[in-house]
Amino acid sequence: MNFLNEALRETVPKPFVSLTLLNPQLDKNALTDKQAILDVRAQNEDGKQVNLEIQVSNKYDMPKCSLYYAAKMYEEQLGEGQFYKSLKKVISINILTFNQIANDRFHNIYHLREDHTGELPLDDISKFIFGAAEA
């Protein structure tokens, strides 16, 4: 929990005070869907979900993989008849042993933004990447 609070300090102003570990397996909607099993999946007291992924080998698909996992976590929150306003924030944290980003920052933070204004339509999916900078 201390790691998460420090990693999210810049964008999540209220620190987590408790976490519940959740089933790391993301449900398949059909037999032919891709199986997804997260490294660590947790939920805080406000219902925000966190996916912590640790990747030691570069399979050259981490950005898409991370977005897929976050979207599945977001989608799984609603059952039939529930309102969209009940959706809670999903946060993905990727800890990488390889350089995924074309900058020399160790800690990168991403959100879905409007290209010209930088405006966030909502802040429900966030991605944090910790990785090796170019040596």
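Residues numbered from 1 in each chain as written. Predicted model: local features only at pLDDT ≥ 70, side-chain atom pairs only at ≥ 80, totals over all residues. Heavy atoms only, no water.

## Section: the overall build of the protein chain
Line of reasoning, step 1. On a plain count of helices and strands, the protein chain comes out with 2 helices and 8 strands.
Line of reasoning, step 2. When the helices and strands of the protein chain are placed in sequence order, the string is α-β-β-β-β-β-α-β-β-β.
Line of reasoning, step 3. Relative to the 2.2 N^0.38 estimate, which gives 14 Å for 135 residues, the radius of gyration of the protein chain is 15 Å and therefore close to what a compact globule would have.
Line of reasoning, step 4. Over its C-alpha atoms, taken along the principal directions, the protein chain stretches across nearly 50 × 35 × 35 Å.
Line of reasoning, step 5. Every one of the 135 residues in the protein chain was classed for burial, and the buried ones make up 36%.
Line of reasoning, step 6. When contacts within the protein chain are restricted to residue pairs at least 6 apart in sequence, long-range pairs at least 24 apart make up 57% of them.
Line of reasoning, step 7. Surface summary for the protein chain: the accessible area is close to 8,700 Å², and the carbon and sulfur share equals 55%.
Line of reasoning, step 8. Across the protein chain, the 15 positively charged side chains and the 19 negatively charged ones have centroids separated by 2 Å. (Helix = DSSP H or I, 4+ residues; strand = E, 2+ residues; numbered from the N terminus. Rg over C-alpha atoms; globule rule 2.2 N^0.38 Å. Buried < 20%, exposed > 50% of the residue type's maximum accessible area, 1.4 Å probe, protein only. Contact = heavy atoms within 4.5 Å. Areas by Shrake-Rupley, 256 points an atom, 1.4 Å probe, with all protein chains shown as cover. Lys, Arg positive; Asp, Glu negative; His and termini not counted. Charge placed at Lys NZ, Arg CZ, Asp CG, Glu CD.)

## Overview of the pattern of salt bridges
Line of reasoning, step 1. In total, this model carries 5 salt bridges according to the counting rule given.
Line of reasoning, step 2. Two residues, Arg-9 and Glu-6, come together in a salt bridge whose shortest N-O distance is 2.6 Å.
Line of reasoning, step 3. The partner of Lys-72 in a salt bridge is Glu-75, with the nearest N and O atoms 4.0 Å apart. Taken together, the residues span about one helical turn, with Lys-72 and Glu-75 both in helix H2 (residues 62–75) at a distance of 3 residues.
Line of reasoning, step 4. For Lys-72, a relative accessible area of 9% corresponds to the buried category. (Salt bridge = Lys/Arg side-chain N within 4 Å of Asp/Glu carboxyl O.)

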